[in-house]
Amino acid sequence: MNNEFEPKVVAFVCNWCTYAGADLTGTSRIKYASNVKIVRFPCTGRIDFMLLLKAFANGADGIIVSGCHPNDCHYTSGNFHARRRWILFRSLLDFMGIDINRIQFSWVSAAEGAKWADIVNKTVTNIRELGPYMEYRRAANFLEANEEELTKELARNKEEEVKHG
Amino acid sequence: MSKIGVFVCHCGENISATVDCKKVAEEAAKLTGVEVSLDYKYMCSDPGQTIIKEAIKEKGLTGVVVAACSPRMHEPTFRKACAEAGLNPFMCEMTNLREHCSWVHEKNDQTTEKAIDLVRMLVEKTKLNKPLNEIKVPVSKKALVIGGGIAGIQASLDIANAGHQVILVEKEASIGGHMSQLSETFPTLDCSQCILTPRMVEVAQHPNITLYNYAELESLDGFIGNFKATIRLKAKSVDPKACTGCGACYNKCPKKKIPSEFNEGLGMRTAIYTPFPQAVPNKPVIDKENCNYYKNGKCKICEKVCPTGAIEFDKPDEFVTENVGAIVLATGFNVLKPDFFPEYGYGQFKDVITGLQFERLASASGPTLGEIRRPSDGKVPQKVVFIACAGSRDPAKGIPYCSKICCMYTAKHAMLYQHKVHGGESTVFYMDIRAGGKNYEEFVRRAIEEDGANYVRGRVARIYEKDGKLIVKGVDTLLGAKPVEIEADMVVLASAGVANCGAEELAQKMHVSYDPYKFFAEAHPKLKPVETNTAGIYLCGACQAPKDIPDTVATASGAAAKVIGLFSKDELTREPLVAVVNRIASHDVSTCVGCFMCQTACPYQAIEREEVKNRAGEVIKTVARVNPGLCQGCGTCVSFCRSKSIDIQGFSNEQMYAEVLAVLNTP
Amino acid sequence: MAELNSKVKELFEKDLIDIFIGYEEGTRNPRPYFAYSAQDADNLVFNDKCQGNLAVYLTRKDLVGGKRVGISASYFALKSISQLFDENQLKEDLLIVLGMKEDGSILEFKGLDEIRTYLSEAKAPSKQKDDELLKELSEMSQAERWQFWSDELSKCFKCYACRAACPMCYCTKCIIEVNRPQWIQPWISTQGNMEWQINRVMHMAGRCSDCGSCGAACPIGIPIHLLTHMMTKTVAANFGESNEQGNVLSTFKPDDKENFIL
């Protein structure tokens with residue numbers, strides 16, 4: 001095994017377009033990076049934004065969210081609802097300094113097997129460059145963060161003491 | 001405590017060639033809650049399924065994970081097997097080791113590791129699966145057929161003859177479609193109208209068929225067994241009940257110079273018209289775009305001459321709503337307008353025509369009464385060049401596919417020409433001759449060998465006019481790309497078959513998927529050729545891809561058989577993968593706060609309001625309730641609900657959460 | 001102010017309401033006050049020092065359940081009231097709303113339609129300070145923003161004062177209390193605190209009146225109202241100001257614009 005960082009990428013896809021598209025990638029025997037693991041949802045409308053955060057919290061370095069092209073949703077409008085959700089979610093994450101470059105959104109239809117391979121490879125390459133996503137994971141560590149805070153506070157107290165003799 | 005069985009399939013060598021299936025099974029066995037983990041060469045085979053069934057019985061499994069191909073392929077197979085062994089079918093899940101792993105990755109450790117991850121994800125999900133029962137929905141046994149060409153006619157007759165009501169919607173004034181335009185049909189050279197028109201009449205007279213001509217689908221709601229279709233009946237300006245079809249109106253109509261669509265612009269029609277003499281129904285409509293009255297408010301001659309007072313100007317379009325259980329799409333195709341080919345000079349040179357125009361020239365009911373006379377001066381052409389693959393198989397033109405019918409009809413055209421113009425010379429430029437089909441190859445040989453059509457393998461680069469002749473410049477690739485130049489009197493382009501105009505819009509209206517060329521997509525290219533991805537909507541004929549008449553009729557009967565099968569039961573069982581609003585404790589309390597934002601989000605109007613009452617019968621609060629007959633299981637409401645009061649069976653919050661965490665190997 | 005007192009007195013005397021939600025003088029600032037009689041009405045005040053969004057009390061069943069309620073409402077409270085009607089949380093015949101204009105005069109609303117008309121014409125009070133902070137934050141690099149928010153949110157100890165102060169947080173079971181699955185870590189960690197805020201703000205999308213009560217309620221002064229303020233602006237920028245039926249996330253337009261989906 002080489003020492004190169006192997007990103008963990010979770011793909012959240014809808015059953016009708018992107019999952020089927022990824023099936024087509026398979027039937028067409030197009031190769032792509034094995035870092036990605038697909039979680040199947042009925043529709044992009046079903047993809048809860050919290051699941052994306054859970055993926056980051058539990059070790060994902062990158063995320064792909066993909067579904068049917070606009071107007072092609074099997075359920076008419078799930079992808080339109082999802083699109084609104086992602087527009088707002090993305091700007092909120094960005095505002096909070098969470099790295100939105102690690103989430104790749106795409107529309108991949110059941111006929112776009114090659115596009116799926118392309119999206120995966122592109123995302124994996126991108127995440128490989130960005131490196132492991134430690135910040136978000138570290139934020140979970142209550143003790144570590146607290147300890148830092150505590151050390152700072154102790155140091156401040158000491159300074160105060162020195163100042164006031 | 002869960003007892004999960006994991007069954008890893010080699011799929012012959014499809015999976016085992018790149019994934020170490022044995023190791024996957026071994027690793028899966030180590031997972032908490034996994035009772036048994038096995039690998040086998042073909043899980044979907046009879047012995048494979050037996051292994052699963054026996055394990056369920058012997059080990060008392062509470063869940064099954066089959067690690068094999070795509071669940072889109074075999075999920076029903078394995079769920080059925082589990083049900084046969086007494087396990088609730090919805091306790092069975094599949095993970096996709098073939099399409100999503102072995103076929104797309106190289107053989108190495110990571111690929112096997114990924115396979116293990118994929119199994120773990122589904123094991124964790126399956127632990128949280130709940131037994132579900134199928135939902136029963138009533139079926140309204142009436143079919144809607146869209147498109148009245150040969151495909152729609154065949155499907156309608158088959159369904160109607162099986163004893164079910166059919167609504168046939170045709171956008172033109174008459175049914176018949178492209179087939180009614182054809183002269184003679186390959187490979188038997190029987191007259192197209194002779195075999196088609198009796199069918200058209202049968203449709204008109206069938207007690208089970210309601211024909212809406214000059215009508216289009218306006219909107220579609222509902223789902224399999226319970227569609228609600230709104231149909232726009234375009235104003236015909238002629239009351240079909242009063243009209244006797246005497247023809248006085250179109251004989252007197254002063255607008256006589258409108259290019260006839262039926263004759264592909266080679267003949268003329270009036271503003272009030274029937275598309276062709278054998279039209280069904282044989283009652284005229286007014287073309288508002290060209291009618292003097294509609295254009296400048298004066299004329300109304302037809303109204304004056306009509307003996308029955310059938311003309312009704314300024315009537316608006318009407319709408320009817322029909323409740324149907326199944327829909328057959330048979331909207332057909334179009335031919336590429338060859339203005340697509342500036343190099344061939346279509347539109348610029350009158351004597352460069354399309355194959356469909358040639359059909360009209362060769363047809364006994366056509367503008368020349370079946371004599372081959374060229375459009376420019378009505379002379380009989382002595383030299384005709386036929387160009388196959390005009391647009392088809394040309395990725396540069398955006399049509400990489402083969403239009404399938406052109407090889408055959410070009411051979412037919414050459415043959416008809418040779419029959420009709422003795423001493424005439426025909427040359428066919430082709431790329432390959434594709435004549436697969438019963439008696440097809442023999443037919444092409446006959447055109448070449450008996451009728452003397454001159455076949456040249458090569459492409460035509462350019463056509464230009466010189467001294468009243470069309471100079472066709474091409475190459476003969478069988479002679480080492482030798483340049484060929486022919487002075488022709490007429491050129492016929494076998495222009496590509498393309499999706500009908502409005503196909504994309506219709507597909508979106510009906511939530512049917514379509515391919516990049518706007519042909520409707522079948523649910524599976526081999527095993528579900530007449531189904532669409534939307535349950536209850538079937539397709540047939542050339543709206544799916546270019547097809548000849550035998551194939552069209554075969555798929556039409558296939559689609560009809562599917563509809564009849566659906567109508568054979570009074571109730572339809574549906575997968576219970578639907579949303580539910582939680583009811584905690586004694587089933588009368590819910591965490592739902594009744595904001596009903598889910599109601600606006602639901603694409604199926606499946607969310608209703610339900611009043612929760614106390615023992616005294618007073619309303620405590622109003623909460624959401626999902627109608628399981630209407631819910632299609634998209635889950636948009638689920639991820640929208642702030643208090644997580646609504647969840648979806650089969651893809652529940654707990655299941656998806658567990659699956660995501662398992663991807664990352666965190667318990 | 002005298003206008004308010006006499007108006008409320010009148011409402012009680014005519015037996016039109018059972019409770020009036022308003023403010024009374026507090027030690028430093030005015031505080032919420034519930035008047036139950038014409039006499040109580042004398043204690044009511046309303047001035048620019050009144051903080052918070054009184055609409056929050058309209059969904060407290062223990063307080064107002066089944067009662068005829070009157071309320072003095074600021075611009076923001078009016079917005080919240082309008083939204084609560086959209087969400088089926090209020091009954092028109094049980095509520096009398098007195099809109100409080102910035103100059104202290106009273107607007108009597110006859111029904112929801114009048115409130116909506118007023119809101120569509122009225123100008124939102126300016127939030128200059130918040131806008132400046134927002135600008136400052138958006139000009140930072142992503143890493144700096146992360147630093148800022150992870151520092152700030154590391155201080156949060158999940159008292160949920162932000163939730164309690166918000167008129168839109170009326171769920172009987174909040175997502176933070178949902179434990180199957182446990183969406184958000186219940187213990188105190190920067191990540192869990194962050195996820196709580198992300199949830200809160202996403203749930204506010206298109207519903208928030210932008211009153212800022214959440215931030216004002218925070219006992220350690222974490223500027224979480226900037227998150228909702230930013231969300232309100234993002235919603236307006238992407239989907240327009242007008243409040244259609246339903247909220248932004250349960251509706252859509254086929255031509256919604258985005259630039260990040262491949």
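Residues numbered from 1 in each chain as written. Chains lettered and ligands numbered in written order. Predicted model: local features only at pLDDT ≥ 70, side-chain atom pairs only at ≥ 80, totals over all residues.

Caption draft 1: Molecular detail of the pairing of strand 21 (residues 383–390) of chain B. Residues and elements named next belong to chain B. Counting buried positions along strand 21 gives seven out of eight residues, so the element sits mostly inside the fold. As judged from the five bridges shared by strand 21 and strand 22 (residues 425–430), these two strands associate in the parallel manner. Counted as the bridge partner of Ile-387 is Phe-429 from strand 22. Where the polypeptide runs from strand 21 across helix 12 (residues 406–420) and back to strand 22, its parallel neighbour, the crossover connection is right-handed. The sheet contact formed by strand 21 and strand 27 (residues 490–495) spans five bridges and is parallel. In the sheet register, Phe-386 faces strand 27, and the bridge partner there is Val-492. (Buried ≥ 20, exposed ≤ 12 C-beta atoms within 10 Å, placed from the backbone. Helix = DSSP H or I, 4+ residues; strand = E, 2+ residues; numbered from the N terminus. Pairing = 2+ DSSP bridges. Right-handed = clockwise from strand over helix to strand, strands pointing away.)

Caption draft 2: Geometry of the environment of Ile311(B). Residue and element names in this part refer to chain B. With respect to the secondary-structure elements, Ile-311 resides in the loop between helix 10 (301–305) and strand 17 (318–324). When the 23 C-beta atoms within 10 Å are taken as the criterion, Ile-311 is described as buried. With sequence-adjacent residues up to four places away left out, Ile-311 is seen in contact with Ser-237, Val-238, Cys-249, Cys-302, Glu-303 and Cys-306. (Contact = placed C-beta atoms within 7 Å.)

Caption draft 3: Just the interface of chain A and chain C, in detail. On the side of chain C, 36 residues touch chain A, which itself brings 35 residues to the contact. Mapped by element, the contributors of at least two residues to the side of chain A that touches chain C are helix 2 (49–57), helix 3 (78–95), strand 4 (103–107), helix 5 (134–138) and helix 6 (142–164) of chain A. The greatest single-element share of the side of chain A that touches chain C, amounting to 12 residues, is contributed by helix 3 of chain A. Across the side of chain A that touches chain C, the residue classes tally to 21 nonpolar, eight polar and six charged. (Nonpolar A, V, L, I, M, F, W, Y, C, P; charged D, E, K, R; others polar.)

Caption draft 4: The arrangement of helix 1 (residues 21–29) of chain B in detail. Residues and elements named next belong to chain B. Within the sequence span of helix 1, burial applies to Cys-21, Val-24, Ala-25, Glu-27 and Ala-28. Buried positions in helix 1, seen along its axis, are confined to an arc of 165° and lie on one side of it. Against strand 1 (4–9), strand 2 (34–40), strand 3 (63–68) and helix 5 (109–127) lie the buried residues of helix 1. (Arc of directions from axis to C-beta.)

Caption draft 5: Expanded view of the sheet that holds strand 27 of chain B. All names here are of chain B. Spatially, 20-27-21-22-23 is the arrangement adopted by the five strands of the open sheet, whose pairing is parallel. Whereas interior strands pair on both sides, the edge strands pair on one side only; in this sheet they are strand 20 (352–354) and strand 23 (454–457). Put simply, the sheet's adjacent strands are angled 25° from each other on average, direction ignored. In the sheet, strand 22 pairs with strand 23 via four bridges, with the strands oriented parallel. Within the sheet, the bridge partner assigned to Phe-429 lies in strand 23 and is Val-456. (Axes fitted to C-alpha atoms, helices over the stretch in contact; angles between N-to-C directions.)

Caption draft 6: Up close: the sheet that holds strand 17 of chain B. All names here are of chain B. Overall, antiparallel pairing links the three strands, which are arranged 11-12-17 in an open sheet. Two strands close off the open sheet at either side, each with one partner strand: strand 11 (215–223) and strand 17. Taking each pair of neighbouring strands and ignoring which way they run, the sheet shows an average axis angle of 20°. Sheet topology note: the strand 11/strand 12 (residues 226–233) ladder contains eight bridges and is antiparallel. Following the sheet pairing, Leu-220 is matched in strand 12 by Ala-229.

Caption draft 7: Geometry of the environment of His105(B). Within the secondary structure, His105(B) is located in the loop between helix 4 (98–102) and helix 5. Of the residues examined, His105(B) has 21 C-beta atoms within 10 Å and is grouped as buried. The sequence separation of His105(B) and Thr622(B) amounts to 517 residues, and the corresponding C-alpha distance is 52 Å. Other than its neighbours up to four places away in sequence, His105(B) contacts Lys31(A), Ser34(A), Thr18(B), Thr111(B) and Lys114(B).

Caption draft 8: Geometry of the domain arrangement of chain A. All names here are of chain A. The assigned domain composition of chain A is domain 1 (9–131) and domain 2 (133–165). With centres defined by C-alpha atoms, the gap from domain 1 to domain 2 works out at 38 Å. Taken together, the seven residues of domain 1 in the interface contact four residues of domain 2. Here the residues of the side of domain 1 that touches domain 2 sort into three nonpolar, one polar and three charged. (Domains from an automatic or database assignment.)

Caption draft 9: Expanded view of the nonpolar core. Residues and elements named next belong to chain B. The biggest cluster of nonpolar side chains holds 203 residues, and the ones touching the most others in it are Val-6, Val-64, Val-66, Ala-67, Val-119 and Cys-598. Non-local contacts of Ala-67, meaning those with residues more than four positions away in its chain, are made with Val-6, Phe-7, Val-8, Cys-9, Val-24, Thr-95, Leu-97, Leu-118 and Val-119. One finds Leu-217, Met-415, Ala-447 and Val-491 within the second-largest nonpolar core, a separate group that totals 133 residues. (Core = buried A, V, L, I, M, F, W, Y, C linked by C-beta atoms within 7 Å.)

Caption draft 10: Molecular detail of the interface of chain B and chain A. Tallying the contact residues gives 40 residues for chain B and 40 residues for chain A. For the side of chain B that touches chain A, the secondary structure elements donating two or more residues are helix 4, helix 5, helix 17 (636–640) and helix 18 (653–663) of chain B. Here the side of chain B that touches chain A is composed, by residue class, of 17 nonpolar, 15 polar and eight charged.

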